[in-house]
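Geometric and topological summary
Chain by chain, the residues run as shown.
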Amino acid sequence: MDTSVILPVEAEGFIQSLHMFSLKEVGSTRWFKQHEYIEKLNMQAILNASAAHNEFVKELLVSHGKDSCDSADDSVLDLVDYCHRKLTLLVSKRTREGTTAPEPVCLTASSLEALQMQTAAQEFDISLKALSVLRYITDHTDSISVISRILCTHNLPCVLVQLIETCPWSRCSKGDVEKYTNGRWQKIPTEDHLKITKLEGQVWISLYNLLLKEDCQRKYDFNNFNKNQLLKLRSFLTEVLIDQLPILEELRRFLAHLAITDTAPPKKELVLEQLPEIRNHIMSQNSGKWKAIAKFQVKEMFSLSEDDLRLQAQRLAQTYSLDVMENLIPEKPKCGSCGKEASKRCSQCQLQWYCHRECQVNDWLRHKKICHVYEATEKIQRELNISS
């Protein structure tokens, strides 16, 4: 596997140049430059970890005081608040919409409808990624303020129980079971219906951390409501699930003990709580300036010349090169028709994978619309490269 997106000396330069931007500057040329640096650092870190090579990106971040939980300090509180907002949104949307896949949008949909669909899809993907962030926080933080924020302020264990119940990463589409894996909905073969996804595993591990860590048990209020919500998990802790995540056996024993334990009296203790600062700072700094910021953004960031747009597109294409992105895939690609492991790609767009030609033929009616769009985009890009 090629692991040379950037060299160590380049990584050190990128990390040293990282700095904060005001809300007004988001989307500017300087902001896009830093975004490119961060994406390259992220891709290099993933490649190094996947190949078990020297993780020089992480070491450089630590040496410059920019490593995640170790150096974030009180900023993690803002991250916890962000995760709570996203997960609450995920639960509420799932409760309203149910478990059936939405009808596909007509090809004649307006640009506004297309943008609204794209926004909804991105919001869904970001909300699911918040699960991984939360699990990482529960794995590594020992801060009393962070634990209090997670357990007392937001009561995230109960939010996670609702996620297990609503299961937003799974849906039914035309009689088939689909699960959200690696950033897209994939049809699941019948024999894999009970196999948990990585997203579901993140929820269970987060619950395990929050309910079984000694510090968390001392802090959490196991009142009647919380107790009843947590005991709902017992019906999901089947032998099939525990075979896949053996550590959940300990969680099952804890819930069995909780079921026969009397509710603890309300905790009365002095609480000195730190408050999140980043979001409050942004809101107070830009209060009353939202319209002015929007006008500035429209003029400076959304009214670029054709040459600027071409240059921006070329830089993004170089950052997200197909060869590098394929190395970032943690698992073998799945067939776009049946969901099994695939080894062949569509010869036109080179993006969709298939296990056999029969699957490609069966999927063509669906895939051809997307395929033609990618083919037209590639043609335009080639013409732009020739003209430049």
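A few points on the structure. Quantities reported herein were computed from a predicted structural model and do not represent experimental measurements.

Rules used in this analysis
Residues numbered from 1 in each chain as written. Predicted model: local features only at pLDDT ≥ 70, side-chain atom pairs only at ≥ 80, totals over all residues. Heavy atoms only, no water. Helix = DSSP H or I, 4+ residues; strand = E, 2+ residues; numbered from the N terminus. Expected span 1.5 Å × (residues − 1). Buried < 20%, exposed > 50% of the residue type's maximum accessible area, 1.4 Å probe, protein only. Pairing = 2+ DSSP bridges. Axes fitted to C-alpha atoms, helices over the stretch in contact; angles between N-to-C directions. Patch = residues over 30% accessible without salt bridge, like charges linked within 9 Å, V, L, I, M, F, W, Y side chains within 5 Å. Areas by Shrake-Rupley, 256 points an atom, 1.4 Å probe, with all protein chains shown as cover. Salt bridge = Lys/Arg side-chain N within 4 Å of Asp/Glu carboxyl O. 1 Å grid on protein atoms, 1.4 Å probe; cavity = no way out; pocket = protein on both sides within 12 Å on 5 of 7 lines; lining within 4 Å. Points joined across faces, edges and corners; volume = space filled by probe spheres on them. Nonpolar A, V, L, I, M, F, W, Y, C, P; charged D, E, K, R; others polar. Phe/Tyr/Trp six-rings, centres within 6.5 Å; stacked < 30°, edge-to-face > 60°.

1. Observations concerning helix 9 (residues 198-212)
An ideal rise of 1.5 Å per residue puts 21 Å on 15 residues; helix 9 measures up with 21 Å between its terminal C-alpha atoms. Across the 15 residues of helix 9, 13 count as buried, placing the element largely inside the fold.

2. Points about the sheet that holds strand 3 (residues 184-187)
Overall, antiparallel pairing links the three strands, which are arranged 1-2-3 in an open sheet. Looking at the sheet topology across the chains shown, the edges are occupied by strand 1 (170-173) and strand 3. Averaged over all pairs of adjacent strands, the angle between strand axes in this sheet comes to 35°, irrespective of strand direction. Of the strand pairs in this sheet, strand 1 and strand 2 (residues 176-181) are connected by four bridges, and their pairing is antiparallel. Bridging across to strand 2, S170 finds its partner in K179.

3. Thoughts on a nonpolar patch on the surface
A cluster of nonpolar residues, L23, V26, I278, I282, M283 and W290, forms a patch on the protein surface that exposes about 470 Å² of accessible area. Per-element tally for the nonpolar patch: the top contributor is helix 14 (residues 278-285), with three residues. Structurally, I278 can be placed in helix 14. Residue class for I278 comes out partly exposed when judged on its relative accessible area of 41%.

4. Quick notes on empty space enclosed by the protein
Leftover empty space is mapped by rolling, across the atoms, a probe with the size of a water molecule. The final tally for this structure, using the stated rule, is one cavity of 30 Å³ or more. Computed from the structure, the largest cavity encloses a volume of approximately 50 Å³. What lines the largest cavity is T138, T141, I147, I150, N209, L210, K213 and C216. Mapped by element, the contributors of at least two residues to the lining of the largest cavity are helix 7 (144-153) and helix 9. Taken together, the residues that form the lining of the largest cavity break down as four nonpolar, three polar and one charged.

5. Considerations on the pattern of salt bridges
In total, this model carries 18 salt bridges according to the counting rule given. Note that K232 is salt-bridged to E165, the shortest N-O span being 4.0 Å. Taken as a pair, K232 in the loop between helix 11 (224-231) and helix 12 (239-244) and E165 in helix 8 (residues 156-166) lie far apart in primary sequence, 67 residues in all. Each member of the salt-bridge network shares a partner with another, and the members are E239, E249, R252 and R253.

6. Re the packing of aromatic side chains
Scanning the model with the defined rule gives seven aromatic pairs in all. Centre to centre, the rings of F14 and Y37 are 4.1 Å apart; their planes meet at 10°, and the pair counts as stacked. Within this pair, whereas F14 is found in helix 1 (residues 8-17), its partner Y37 is found in helix 2 (residues 29-50), the two being separated by 23 residues in sequence. Note on Y37: relative accessible area 18%, which makes it buried.

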